[in-house]
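A closer look at the structure
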Amino acid sequence: MLNKLKREWLTAPGTNIVAGILVALALIPEALSFSIIAGVDPMVGLYSSFIIAVVISFVGGRPAMISAATGSVALVIVPLVKDHGVQYLLAATILMGIIQIIFGVLKVGRLMKFIPNSVMIGFVNALAILIFMTQIKHIFGISIPTYLFVITTLLIIYLLPRVFNKIPAPLIAIVVLTIVYLATGAKVETVGDLGQITRSLPQFFIPDVPFNLETLQIILPYSLSMAIVGLVESLLTARIVDQATDTYSSKNRESRGQGIANFITGFFGAMGGCAMIGQSVINVRSGATTRLSTFTAGVFLIVLIIVFGDWVVQIPMPILAGIMIMVSVGTFDWHSFQFMKKAPRTDALVMVLTVAIVLFTSNLALGVIVGVIVSALCFATKISNVTVDYEEVDETIHYKIKGQIFFVSIDSVMNQLDLELRNKIIYLDFSQAHLWDDSAVNAIDTLIENYHKKKNTIYVQHLNKDSRKIVSELSKVNKQHLL
């Protein structure tokens with residue numbers, strides 16, 4: 001236990017602290033931008049990033065992964081904040097945490113393996129498109145300087161790292177262009193126009209909402225959506241960090257940890273969050289391997305808020321919009337166009353459908369759920385192709401059934417059998433087939449019964465071990481028919 005603590009916290013402390021500081025610098029613009037997306041005060045996003053990062057560093061399942069306020073969760077809560085206010089958001093965040101803890105206890109992390117790659121790609125692409133769409137109102141129809149600030153921000157972000165990468169380019173863009181704004185007084189919106197930055201630590205309080213069934217009915221759909229979206233993105237990020245560091249992490253512990261972090265943050269006036277793909281990659285590429293980097297990111301973030309809070313309100317909005325465009329472009333999986341050309345049509349369909357549903361409903365969780373269901377249906381249809389070979393020898397009929405026999409493929413089997421045979425000896429050969437469920441067993445029972453009514457003698461032969469077991473347990477026919 002002690003060795004594990006040392007390994008997860010004290011390995012290369014200097015490298016992990018520096019990485020955490022760099023991540024904290026990169027967290028500021030995104031925390032502010034995600035607050036704006038959600039329609040809440042900028043402090044909500046900043047407090048959320050601070051609390052979640054610190055808490056998850058202790059209770060999360062993936063060392064060196066960064067969790068904070070995120071665009072995916074922010075997008076889910078927009079209607080809730082608009083219709084019911086911030087207090088209901090805080091209550092929904094607490095319930096989100098409870099749901100995630102329950103998911104973790106139930107070990108839903110194991111369900112990640114059932115989310116197909118096509119759904120993952122669709123999820124990420126839909127998230128990128130939604131983030132981009134939320135920035136349109138902060139760019140167009142405001143002023144010429146707004147366009148210039150956005151363009152300059154993007155030029156700094158994409159060109160500067162080619163010659164200088166010691167400090168995150170988004171942070172340089174914020175500092176330099178904020179100074180330009182203060183010097184020129186350009187006609188642009190600022191963070192201060194959207195809310196007040198308070199140079200203080202978050203305070204504990206219970207959300208001011210009625211504790212009744214009506215409140216639960218309001219927040220439960222949003223809490224469930226936030227919980228699912230947050231876990232999908234967190235576990236996806238954990239998988240990416242696992243691959244980057246060639247290590248394994250506990251997905252169920254991560255689920256519980258995300259729940260604990262969100263449960264706590266709801267009591268401190270902050271919104272829910274989850275793991276961040278971009279910041280986690282920055283952290284790992286900076287050499288981070290331990291929980292100390294995540295802890296440092298959270299602590300240094302609150303230090304920046306308290307010490308430099310008066311400067312944060314001066315940040316022009318088009319800078320943040322430019323940064324969010326960069327985030328959306330970096331989040332989008334551009335290889336998906338190639339994927340659509342080379343992947344099976346059903347996989348391409350699932351990816352496009354996932355994106356379409358998310359964009360139509362603005363519900364990332366619904367897109368993932370529908371994507372998984374459609375993918376499962378496509379897979380079931382694909383493996384339901386069953387062939388039946390027919391051979392007749394001396395008044396004896398041999399049917400050789402090949403394929404997976406379950407509720408989807410039963411009709412295919414029945415359509416290939418001659419159900420009007422009379423006074424024959426019939427052998428059903430399952431040597432190249434597998435029976436999966438009670439529907440398959442019931443189909444065999446029905447076949448035997450129908451053939452008997454037409455004076456046929458029927459035998460079922462060459463069942464494999466598992467198929468014979470399920471038949472022996474569920475079949476109603478006489479065992480003499482089994483060879």
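Here's a quick rundown of the structure. (Residues numbered from 1 in each chain as written. Predicted model: local features only at pLDDT ≥ 70, side-chain atom pairs only at ≥ 80, totals over all residues. Heavy atoms only, no water.)

In terms of helices and strands, the protein carries 19 helices and six strands. Across its three principal directions, the C-alpha atoms of the protein cover 100 × 50 × 50 Å. Of all 483 residues assigned to the protein, the portion counted as buried reaches 54%. As displayed, the protein offers around 22,400 Å² of accessible surface, 64% of which is attributable to carbon and sulfur atoms. Considering the protein, the positive charge centre built from 35 side chains and the negative charge centre built from 30 side chains are found 7 Å apart. (Helix = DSSP H or I, 4+ residues; strand = E, 2+ residues; numbered from the N terminus. Buried < 20%, exposed > 50% of the residue type's maximum accessible area, 1.4 Å probe, protein only. Areas by Shrake-Rupley, 256 points an atom, 1.4 Å probe, with all protein chains shown as cover. Lys, Arg positive; Asp, Glu negative; His and termini not counted. Charge placed at Lys NZ, Arg CZ, Asp CG, Glu CD.)

This part covers the pattern of salt bridges. Tallying each qualifying case throughout the model produces six salt bridges. The residue aspartate 242 makes a salt bridge to lysine 251 at a minimum N-O spacing of 2.6 Å. Given a relative accessible area of 15%, lysine 251 falls into the buried group. Among the salt bridges present, the one from lysine 402 reaches aspartate 389, with a minimum N-O distance of 2.8 Å. One end of the pair, lysine 402, is in strand 4 (residues 396-405); the other, aspartate 389, is in strand 3 (residues 387-393), with 13 residues separating them in the sequence. With relative accessibility at 34%, the residue aspartate 389 sits in the partly exposed group. Through salt bridges that share partners, Arg62, Asp242 and Lys251 make up one connected network. (Salt bridge = Lys/Arg side-chain N within 4 Å of Asp/Glu carboxyl O.)

Moving on to the nonpolar core. If you look at the biggest cluster of nonpolar residues, it comprises 101 residues, and the most contacted ones within it are Leu32, Leu46, Met271, Leu301, Leu320, Ile323 and Leu364. Per element, the largest residue contribution to this core is eleven residues, and it comes from helix 2 (residues 13-38). In terms of nonpolar packing, the next biggest core, distinct from the first, is built from 28 residues, Val388, Ile405, Ile448 and Leu463 among them. (Core = buried A, V, L, I, M, F, W, Y, C linked by side-chain atoms within 4.5 Å.)

Bringing the environment of aspartate 83 into the picture now. Structurally, aspartate 83 can be placed in helix 4 (residues 71-84). Distance from aspartate 83 to alanine 186, taken between C-alpha atoms, is 34 Å for residues 103 residues apart in sequence.

Take helix 12 (residues 291-312) next. Here helix 12 spans only 28 Å end to end across 22 residues, well under the 32 Å set by a 1.5 Å rise per residue. By the largest-angle criterion, isoleucine 306 marks the main kink of helix 12, which is about 55°. N-cap assignment for helix 12: the residue whose side-chain oxygen lies 3.3 Å from the backbone N of leucine 292 is threonine 290. (Expected span 1.5 Å × (residues − 1). Bend = angle between axes of the 7 residues up to and from the residue. Polar contact = N/O pair within 3.5 Å; in protein donor to acceptor, adjacent residues only side chain to side chain.)

Mapped onto the secondary structure, threonine 237 falls in helix 9 (residues 213-245). At 2.7 Å, the side chain of threonine 237 forms a polar contact with the backbone oxygen of glutamate 233.

The next subject is unusual backbone geometry. Generally, phi is negative for residues other than glycine and the peptide bonds are trans, each holding for most cases. One non-glycine residue, lysine 107, lies in the positive phi region at around 60°. Within the secondary structure, lysine 107 sits in the loop between helix 5 (86-105) and helix 6 (117-135). Exposure remark for lysine 107: the relative accessible area of 44% places this residue in the partly exposed category. Positive phi, normally seen in glycine, also occurs at histidine 462, with a value near 60°. Mapped onto the secondary structure, histidine 462 falls in the loop between strand 6 (457-461) and helix 19 (465-474). Here histidine 462 falls in the partly exposed class, since its relative accessible area comes to 45%.

Now for the layout of surface pockets. What the largest pocket holds in volume is close to 1,500 Å³. As for the largest pocket, its lining consists of 48 residues, and the residues nearest its centre are Ile277, Gly278, Val281, Ile282 and Arg285. Mapped onto the lining of the largest pocket, the elements with two or more residues apiece are helix 2, helix 4, helix 6, helix 7 (144-159), helix 8 (169-184), helix 9, helix 11 (277-285) and helix 13 (317-331). For the lining of the largest pocket, a count of residues per class yields 31 nonpolar, eleven polar and six charged. (1 Å grid on protein atoms, 1.4 Å probe; cavity = no way out; pocket = protein on both sides within 12 Å on 5 of 7 lines; lining within 4 Å. Points joined across faces, edges and corners; volume = space filled by probe spheres on them. Nonpolar A, V, L, I, M, F, W, Y, C, P; charged D, E, K, R; others polar.)

Going through the model one piece at a time under the given rule, you end up with 13 aromatic pairs. Relative to tryptophan 334, the ring of phenylalanine 332 lies with its centre 4.6 Å away and its plane at 50°, an arrangement referred to as tilted. On the basis of relative accessible area, phenylalanine 332 is assigned to the buried category, the value being 15%. Here the aromatic rings of phenylalanine 406 and phenylalanine 407 are separated by 5.5 Å at their centres, their planes lie at 90°, and the arrangement is edge-to-face. For phenylalanine 406, a relative accessible area of 9% translates into the label buried. In this structure an aromatic cluster arises from ring pairing among Phe204, Phe263, Phe267 and Phe268. (Phe/Tyr/Trp six-rings, centres within 6.5 Å; stacked < 30°, edge-to-face > 60°.)

One open sheet holds the four strands; their spatial order is 3-4-5-6, and the pairing between them is mixed. Strands at the two margins of the open sheet, each flanked by one partner only, are strand 3 and strand 6. If you compare each strand with its neighbour and ignore which way they point, the axes differ by 20° on average. Strand direction decides the pairing type here: strand 4 and strand 5 (residues 425-435), joined by nine bridges, are parallel. Counted as the bridge partner of threonine 396 is isoleucine 425 from strand 5. (Pairing = 2+ DSSP bridges. Axes fitted to C-alpha atoms, helices over the stretch in contact; angles between N-to-C directions.)

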